[in-house]
Structures are given as structure tokens and as C-alpha cells.
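Structural overview for review
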Amino acid sequence: MPEGVTLPDMDPQGSLRVEDLRAALDLVLARVEERFGSAFDLDADLYWEIGAEAAFDMQSTPVPNVGQLTDDLARLRELSGNGPGEDVLVWHDLARLVGIPRRIGALDLPAAH
């Protein structure tokens, strides 16, 4: 850290405990399974995405890219042991996996009246 630079005190509301995230995801996934069953069709493939770096840069307007659920599902299967394994790259794998819960959330939206 450069000399004279101090970091603000860590805000406990802004910090993450992995065990809390895991518990919350387990709860949400249990509800997904109750609502949709243990396997179901996502009924879509292409979606809009904003890269992780751009999503947190409030000084510029992000340019959306196109994500693909079939690619995301292929990576999910690789990570879960159902395909050829690779090293885990957190930034890449989270970017791939995030499209899946976003689609599930879209499927669960209340019907428009």
C-alpha cells in the first residue's frame, strides 16, 4: 500500500462470510427444487450480461455482451464432475454460472397482469 494511504475501517455490512453465502444459496436452491423440481428446462439460451469489472464501475456506462446458457450449463457440468475438468478460475467460472440463477429468477417472476 502506498505510504500515507489508509484504508477505511472494514464495514461488517459490506464484508462476506462464505458460509453465509453458502447457507443462503442452499436455502434458495431448496426453494427452486420445490418450485421447479430437481431438473427442469431453462427455456432460453441467449441473455444480456455485463462484465464484472464494468458492473462495478459507476463512472461509465456498461456495454452489454451476450451470454449463452448452453455454455454456462456446459461449464456447470464440468465443475460438477460430469465432464472434462479444468482448473477453477473464480472470475471466469462465476461469470459463467451467474447466468443460470438469473434465468431461474426470471422463470420465477410473477406473471404480468
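This text goes with the structure placed above it.
Now for a quick tour of the structure. Owing to the predicted nature of the structure, the values given are computational and were not obtained by experimental measurement.

Unlike most non-glycine residues, Asp43 shows phi in positive territory, near 55°. In this structure, Asp43 sits in the loop between α1 (18–36) and β1 (46–49).

In total, this model carries 8 salt bridges according to the counting rule given. Between Glu19 and Arg17 there is a salt bridge, with the nearest N and O atoms lying 3.1 Å from each other. Two residues, Arg31 and Glu34, come together in a salt bridge whose shortest N-O distance is 3.9 Å. Note that Arg31 and Glu34 are positioned in helix α1 at a spacing of 3 residues, about one turn of the helix. In this structure Arg31 comes out as partly exposed when scored by relative accessible area, which is 45%. One network of salt bridges, in which partners are shared, links Arg17, Glu19 and Asp20.

Right, let's talk about the nonpolar core for a bit. Counting 6 residues, the largest nonpolar core consists of Val32, Leu42, Tyr47, Leu69, Ile100 and Ile104. What Leu69 contacts, discounting residues up to four positions off in sequence, is Leu42, Ala44, Asp45, Tyr47, Gly99, Ile100 and Arg103.

Counted as a void, the largest pocket has a volume near 1,600 Å³. Lining the largest pocket are 50 residues, with Leu94, Leu97, Val98, Gly99 and Pro101 positioned closest to its centre. The element best represented in the lining of the largest pocket is α1, accounting for 12 residues.

Where burial is concerned, the two faces of β1 differ: the one with Tyr47 and Glu49 is buried and the one with Leu46 and Trp48 is not. As paired strands, β1 and strand β2 (residues 65–68) are joined by 4 bridges and run antiparallel to one another. The residue of β2 that forms the bridge with Glu49 is Asn65.

Bringing the packing of helix α3 (residues 69–79) against helix α4 (residues 90–97) into the picture now. The geometry of α3 relative to α4 is characterised by a closest axis approach of 8 Å and an angle of 125° between their N-to-C directions. With respect to α4, the axis of α3 lies oblique. Of the two possible hands of crossing, α3 and α4 adopt the one that is left-handed. Here Asp72, Arg75, Leu76 and Leu79 of α3 lie close against α4, whose contacting residues are Asp93, Arg96 and Leu97.

Attention now moves to helix α5 (residues 99–107). When α5 is considered as a whole, its buried residues turn out to be Gly99, Ile100 and Ile104. End-on view of α5: buried residues confined to an arc of 140°, all on one side of the axis. Looking at the buried residues of α5, the elements they touch are α1, β1, α3 and α4.

How each quantity is defined
Residues numbered from 1 in each chain as written. Predicted model: local features only at pLDDT ≥ 70, side-chain atom pairs only at ≥ 80, totals over all residues. Heavy atoms only, no water. Helix = DSSP H or I, 4+ residues; strand = E, 2+ residues; numbered from the N terminus. Salt bridge = Lys/Arg side-chain N within 4 Å of Asp/Glu carboxyl O. Buried < 20%, exposed > 50% of the residue type's maximum accessible area, 1.4 Å probe, protein only. Core = buried A, V, L, I, M, F, W, Y, C linked by side-chain atoms within 4.5 Å. Contact = heavy atoms within 4.5 Å. 1 Å grid on protein atoms, 1.4 Å probe; cavity = no way out; pocket = protein on both sides within 12 Å on 5 of 7 lines; lining within 4 Å. Points joined across faces, edges and corners; volume = space filled by probe spheres on them. Pairing = 2+ DSSP bridges. Axes fitted to C-alpha atoms, helices over the stretch in contact; angles between N-to-C directions. Parallel < 35°, antiparallel > 145°, perpendicular 65-115°, else oblique. Left-handed = near helix turned anticlockwise from the far one by under 90°. Arc of directions from axis to C-beta.

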